[in-house]
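Notes for the structure review
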Amino acid sequence: MTETQHIRDALERAEKAVTLRPQRGQRIFRNTAQVRRGTRCEVIEQDEQMVIDVPQALGGTGEGPSPSMVLRAAFTSCIAIGIRQWAARLDVPIDTVDVTLETDVDARGQLGVADEITPGFLGLRLQIDIGSDAPLAAIDKIVATSLCYSPLLEVFENPQTVSHQIHVTPNTTTN
């Protein structure tokens with residue numbers, strides 16, 4: 001079985017499963033981020049774990065990628081994987097997909113020294129490079145379809161509502 005067939009078969013099974021039983025596609029994902037020393041953060045979701053930190057210039061140790069780097073990596077990989085999946089679903093041969101993201105930032109926003117500047121990204125630019133002998137119209141259709149159904153592009157273009165709760169536990173350690 002080819003890679004393309006494997007991807008197509010998996011997506012067809014998933015599509016059939018959520019079409020027959022929509023509740024199978026409705027889930028809640030939960031992860032926990034724990035900071036126990038400095039800024040080193042361990043993130044756990046299901047059986048996966050990763051360490052995230054900030055560079056020394058921001059008080060960290062740089063033991064792992066920064067939260068912004070992980071976010072950018074998640075975004076570009078979501079776009080690249082989505083294009084590969086839609087190419088398989090629509091049976092368009094693609095050899096390579098490279099997605100490059102540039103984000104504009106101004107640290108004054110994050111550091112709280114200029115309230116008029118957002119702490120987030122000021123702008124995002126994607127470059128998508130595809131290696132394929134397929135007709136340009138077919139590639140354009142795949143990219144447009146992929147972007148239309150990209151969950152992380154949706155989050156960037158149409159931010160979700162975020163709620164939060166705070167629970168404080170008294171420190172039980174004694175000196």
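Everything below is about the structure printed above this text.
Note that the structure is predicted; figures quoted are calculated from it, not measured. (Residues numbered from 1 in each chain as written. Predicted model: local features only at pLDDT ≥ 70, side-chain atom pairs only at ≥ 80, totals over all residues. Heavy atoms only, no water.)

Right, let's get into the sheet that holds strand β2 (residues 40–45). The pairing of strands in a sheet happens through backbone hydrogen bonds and is either parallel or antiparallel. Taken in spatial order, the three strands of this open sheet run β1-β2-β3, and their pairing is antiparallel. A single partner strand is all that each edge strand has here, and the edge strands are β1 (32–37) and β3 (48–52). For this sheet, the mean angle separating the axes of adjacent strands, direction not counted, is 25 degrees. Summarising the sheet, β2 and β3 pair through five bridges and their orientation is antiparallel. Along β3, the bridge assignment pairs Glu-42 with Val-51. (Pairing = 2+ DSSP bridges. Helix = DSSP H or I, 4+ residues; strand = E, 2+ residues; numbered from the N terminus. Axes fitted to C-alpha atoms, helices over the stretch in contact; angles between N-to-C directions.)

A ring pair, where both rings are aromatic, is described by two values, the distance of the centres and the angle of the planes. Counting across every chain of the model gives three aromatic pairs. Measuring from ring centre to ring centre gives 4.5 Å for Phe-75 and Phe-156, while their planes differ by 55 degrees; the resulting arrangement is tilted. Placement of the pair is Phe-75 in helix α2 (residues 67–89) and Phe-156 in helix α5 (residues 151–157), with a sequence separation of 81 residues. A relative accessible area of 27% places Phe-156 in the partly exposed class. Here the aromatic rings of Trp-86 and Tyr-149 are separated by 5.6 Å at their centres, their planes lie at 25 degrees, and the arrangement is stacked. Of this pair, Trp-86 sits in helix α2 while Tyr-149 sits in the loop between α4 (136–148) and α5, and the two are 63 residues apart along the sequence. Residue class for Tyr-149 comes out exposed when judged on its relative accessible area of 56%. Through successive ring pairs, a cluster of aromatic residues spans Phe-75, Phe-121 and Phe-156. Between Arg-89 and the ring centre of Trp-86, over which it is positioned, the NZ or CZ distance is 4.2 Å. (Phe/Tyr/Trp six-rings, centres within 6.5 Å; stacked < 30°, edge-to-face > 60°. Buried < 20%, exposed > 50% of the residue type's maximum accessible area, 1.4 Å probe, protein only. Lys NZ or Arg CZ within 6 Å of the ring centre and 35° of its normal.)

All right, on to unusual backbone geometry then. Unlike most non-glycine residues, Gln-46 shows phi in positive territory, near 50 degrees. For Gln-46, a relative accessible area of 66% gives the class exposed. Backbone geometry places Asp-91, a non-glycine residue, at a positive phi of 55 degrees. Within the element layout of this structure, Asp-91 appears in the loop between α2 and β4 (96–104).

A cluster of nonpolar residues, Leu-58, Leu-111 and Val-113, forms a patch on the protein surface that exposes about 310 Å² of accessible area. Positionally, Val-113 belongs in the loop between α3 (107–110) and β5 (123–131). Since its relative accessible area comes to 61%, Val-113 is described here as exposed. (Patch = residues over 30% accessible without salt bridge, like charges linked within 9 Å, V, L, I, M, F, W, Y side chains within 5 Å. Areas by Shrake-Rupley, 256 points an atom, 1.4 Å probe, with all protein chains shown as cover. Salt bridge = Lys/Arg side-chain N within 4 Å of Asp/Glu carboxyl O.)

With that settled, consider α2. Look at α2: 32 Å from first C-alpha to last across 23 residues, which is about the 33 Å you get at 1.5 Å a residue. Buried within α2 we find Phe-75, Thr-76, Cys-78, Ile-79, Ala-80, Gly-82, Ile-83, Trp-86, Ala-87 and Ala-88. Asp-91 lies just past α2 and shows a positive phi near 55 degrees. (Expected span 1.5 Å × (residues − 1).)

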